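The primary structure of each chain is shown beneath.
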Amino acid sequence: EMEKIPWTATKNYWERYMQEEAPLAMELCEAERTGMYYDAQFCREIQDVARNDLANYERKIVQWADAPINPGSGPQLISFLFGKKGELIKTGKAKKSPIVRGQGFPILPHRLTKKKLPQTDAETIKELRDKFTKPGTIEHAGLDSIVKLKATDKLEGTFMTGLLEAVDEKNRIH
């Protein structure tokens, strides 16, 4: 059938397949069979750096909140960031949920979840940082630490831990 379908004025799809697709498919099969080399030792070294950075960002956020807030918890961040400025707010329903002083950032109508709650993703945090704080303030530094924590956590989880779990005894990923 492919021989009947024109590709160019002088060639058909079968010729295209044999010239371009088939050789590539062979290379991909070989790459899958042998795997891709992955420098697991280097990854472990930079993973240590990333985990240290994560601890530093979390320490800065907790210091800013003046409470043992979990920056990975959306409900805790919502309470802390969008709670009435200066008001003491319990960040969850559990007895051990930290109490934080609300920062009073405005809720951005274009940054709401399906449940109409404020988003706490990196883009929302960046927008709050850039629109409502001044560089050099603790609020700017705190929001910046949240953005960096989210990015570093994603990289560490996906590209370090995830790939280290996939690497075989020959440092190859299939």
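Just above, that's the structure.
Residues numbered from 1 in each chain as written. Predicted model: local features only at pLDDT ≥ 70, side-chain atom pairs only at ≥ 80, totals over all residues. Heavy atoms only, no water.

Before going further, it helps to examine the overall build of the protein. Counting its regular elements, the protein contains five helices and four strands. Taken over the C-alpha trace, the protein has a radius of gyration of 25 Å; the compact-globule value for 174 residues is 16 Å, which it surpasses by more than 25%. Oriented by its inertia axes, the alpha-carbon framework of the protein measures out at about 75 × 40 × 35 Å. Counting all 174 residues of the protein, 32% fall into the buried class. In the protein, of all internal contacts separated by at least 6 residues, the share reaching a separation of at least 24 is 46%. Summing over all exposed atoms, the protein offers an accessible surface of approximately 11700 Å²; the carbon and sulfur share of this is 56%. Once the 28 positive and 26 negative side-chain charges of the protein are each reduced to a mean point, those two points are 12 Å apart. (Helix = DSSP H or I, 4+ residues; strand = E, 2+ residues; numbered from the N terminus. Rg over C-alpha atoms; globule rule 2.2 N^0.38 Å. Buried < 20%, exposed > 50% of the residue type's maximum accessible area, 1.4 Å probe, protein only. Contact = heavy atoms within 4.5 Å. Areas by Shrake-Rupley, 256 points an atom, 1.4 Å probe, with all protein chains shown as cover. Lys, Arg positive; Asp, Glu negative; His and termini not counted. Charge placed at Lys NZ, Arg CZ, Asp CG, Glu CD.)

Counted by the stated rule, this structure contains ten salt bridges. Here Arg-16 ties to Glu-21 by a salt bridge, and the two come within 3.2 Å at their closest N and O atoms. On the basis of relative accessible area, Arg-16 is assigned to the partly exposed category, the value being 23%. For Arg-33, the salt bridge is made with Glu-30, and the minimal N-O distance between the two is 2.7 Å. Of this pair, Arg-33 and Glu-30 both sit in helix α1 (residues 13-34), three residues apart, roughly one helical turn. Each of Arg-129, Asp-130, Asp-144 and Lys-148 takes part in a single network of salt bridges with overlapping partners. (Salt bridge = Lys/Arg side-chain N within 4 Å of Asp/Glu carboxyl O.)

Looking now at the nonpolar core. With 20 residues, the main nonpolar core has Leu-81, Leu-143 and Ile-146 as its most contacted residues. Among the secondary structure elements, those contributing two or more residues to this core are α2 (40-65), α3 (74-82), α4 (122-132) and α5 (138-166). The dominant element in this core, judged by the number of residues it contributes, is α2, at five residues. Contact partners of Leu-143, with chain neighbours within four places excluded, come to Trp-64, Leu-81, Phe-105, Ile-125, Leu-128, Arg-129 and Thr-133. Counting residues in hydrophobic clusters, the runner-up holds eight residues, among them Cys-43, Ala-50, Met-160 and Leu-164. (Core = buried A, V, L, I, M, F, W, Y, C linked by side-chain atoms within 4.5 Å.)

A few words now on the packing of aromatic side chains. The full count for this structure, using the stated rule, is two aromatic pairs. With a centroid separation of 4.7 Å and 80° between ring planes, the pair formed by Trp-64 and Phe-80 is classed as edge-to-face. With Trp-64 in helix α2 and Phe-80 in helix α3, the pair connects residues that are 16 residues apart, well separated along the chain. On the accessibility criterion, Trp-64 (8% relative accessible area) is buried. (Phe/Tyr/Trp six-rings, centres within 6.5 Å; stacked < 30°, edge-to-face > 60°.)

Attention now moves to the side chain of Thr-120. Mapped onto the elements of the fold, Thr-120 is located in the loop between β3 (99-101) and α4. Once residues lying within four places of it in the same chain are set aside, the contact partners of Thr-120 are Gly-74, Leu-77, Ile-78, Ile-125 and Lys-150.

Turning our attention to the environment of Pro-106. Relative to the helices and strands, Pro-106 resides in the loop between β3 and α4. Remark: the alpha-carbon pair of Pro-106 and Gly-157, spanning 51 residues in sequence, is separated by 31 Å. Apart from residues lying up to four places away in sequence, Pro-106 is in contact with Phe-82, Leu-128 and Phe-132.

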